[in-house]
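Results of the structural survey
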Amino acid sequence: MEGFPPPIYTAQVDAKTKLDEKVDYSNLPCPVIYEEIHREAHSALKPDLFEGFRLDYNKLLNQKFFLSHSVLMGPTEVQSPSSEIFKIPTANYEFGANYVDPKLLLIGRITTDGRLNARVKYDLTDNFSIKANALLTDEQDKSQGHFTFDYKGSDFRTQLQLGNNSLYGANYIQHVTPHLSLGAEAFWLGQQLMSGVGYAARYETDKMVASGQVASTGLAVMNYVHKVSEKVSFATDFIYNFLSRDVTASVGYDFIFRQSRLRGKIDSKGVAAAYLEEQHASGLRFLLSAEVDHVRKDYKFGFGVNVG
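As the structure is a computational prediction, the values presented were derived from the model and not from experiment.

Procedures and definitions
- Residues numbered from 1 in each chain as written.
- Predicted model: local features only at pLDDT ≥ 70, side-chain atom pairs only at ≥ 80, totals over all residues.
- Heavy atoms only, no water.
- Helix = DSSP H or I, 4+ residues; strand = E, 2+ residues; numbered from the N terminus.
- Pairing = 2+ DSSP bridges.
- Patch = residues over 30% accessible without salt bridge, like charges linked within 9 Å, V, L, I, M, F, W, Y side chains within 5 Å.
- Areas by Shrake-Rupley, 256 points an atom, 1.4 Å probe, with all protein chains shown as cover.
- Salt bridge = Lys/Arg side-chain N within 4 Å of Asp/Glu carboxyl O.
- Buried < 20%, exposed > 50% of the residue type's maximum accessible area, 1.4 Å probe, protein only.
- Phe/Tyr/Trp six-rings, centres within 6.5 Å; stacked < 30°, edge-to-face > 60°.

1. A look at unusual backbone geometry
Although it is not a glycine, Leu193 adopts a positive phi angle of roughly 50°. Among the secondary structure elements, Leu193 is positioned in the loop between strand 10 (180-189) and strand 11 (194-204). One non-glycine residue, Lys297, lies in positive phi territory at about 60°. Considering the arrangement of structural elements, one finds Lys297 in the loop between strand 18 (284-293) and strand 19 (298-307).

Below, the structure is given as structure tokens:
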């Protein structure tokens, strides 16, 4: 019988055996943290758009410490009673210091307008980490401080959040199947005497990611990302505020080429945006940003250079 093809029912038996395999619920994967359940959709639909000219320079001092310099020259929108948009030319410089270690992350930013941003992340163990964020400014009641305690289990993640102005929050997300994770959150804002709860779901495979979130604050969000390949994906989202009855839907794309990445979107309010990053030799990167709002007649274009 040597040299004969296998019986024709072999593929059917293998398929039936694969379907009959039981899921090992004691060995489920660890989910993403609650606040990043929409990260694939946000990556495609919410790039870092800017207007004007932007220059970023990073100076590496050693393997763990580097400095950053950023200059942004462009208009700033000023609120007005009417729907007309007023823009004032401005320029801003930002200096940053960064320390990156497998267990410790330190990031500091200070700008010419008097704002100081600081971020700390320290891993006490492989499963438990502490994060701290601070914003100091001369503006009254604008300074903020925030602590987050993050615990990562084998198939779940949970966070406890404490902040100034009597901010308390907690969230929990759990993988219930190999592809589906469910989560919930609760928060209390003591200064504003406001509390709320929220629920979220995320379903992911090798080809798609679908996520949904609803909160008692009135916001409902649904996202879907389809991965055509490792370098091409399409995304869509639907945002509904059931208190104000405001609805926004958008579709977008994310293309990764050999030396560039192109992202863009268009939404139901007539806003179209595109963001291009192109990598060149010697660590030089060019940025092109565009956002066109046909309804409000607001047009924003930006050009940036990143060195280092």
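2. A look at the pairing of strand 4 (residues 104-111)
One ladder, built from seven bridges, connects strand 3 (residues 86-100) with strand 4; its direction is antiparallel. The partner of Gly96 across the bridge, within strand 4, is Arg109. The hairpin turn running from strand 3 into strand 4, its antiparallel successor, is three residues long. Here strand 4 pairs with strand 5 (residues 116-123) via seven bridges, running antiparallel. Considered in strand 5, the bridge of Ile110 is made with Leu116. Between the antiparallel neighbours strand 4 and strand 5 lie four residues, among them Gly114 with a positive phi of about 90°.

3. Thoughts on a nonpolar patch on the surface
Taken together, the side chains of Phe147, Leu160, Leu162, Tyr168, Trp188 and Leu193 define a hydrophobic patch exposed on the protein surface, amounting to about 600 Å² of accessible area. Leu193 sits in the exposed class, given a relative accessible area of 67%.

4. Some thoughts on the packing of aromatic side chains
The final tally for this structure, using the stated rule, is eight aromatic pairs. Seen from their ring centres, Tyr151 and Phe156 are 6.0 Å apart, and the 35° between their planes marks the pair as tilted. Assessed through its relative accessible area of 36%, Tyr151 is described here as partly exposed. Assessed through its relative accessible area of 21%, Phe156 is described here as partly exposed. Relative to Phe255, the ring of Phe234 lies with its centre 5.8 Å away and its plane at 85°, an arrangement referred to as edge-to-face.

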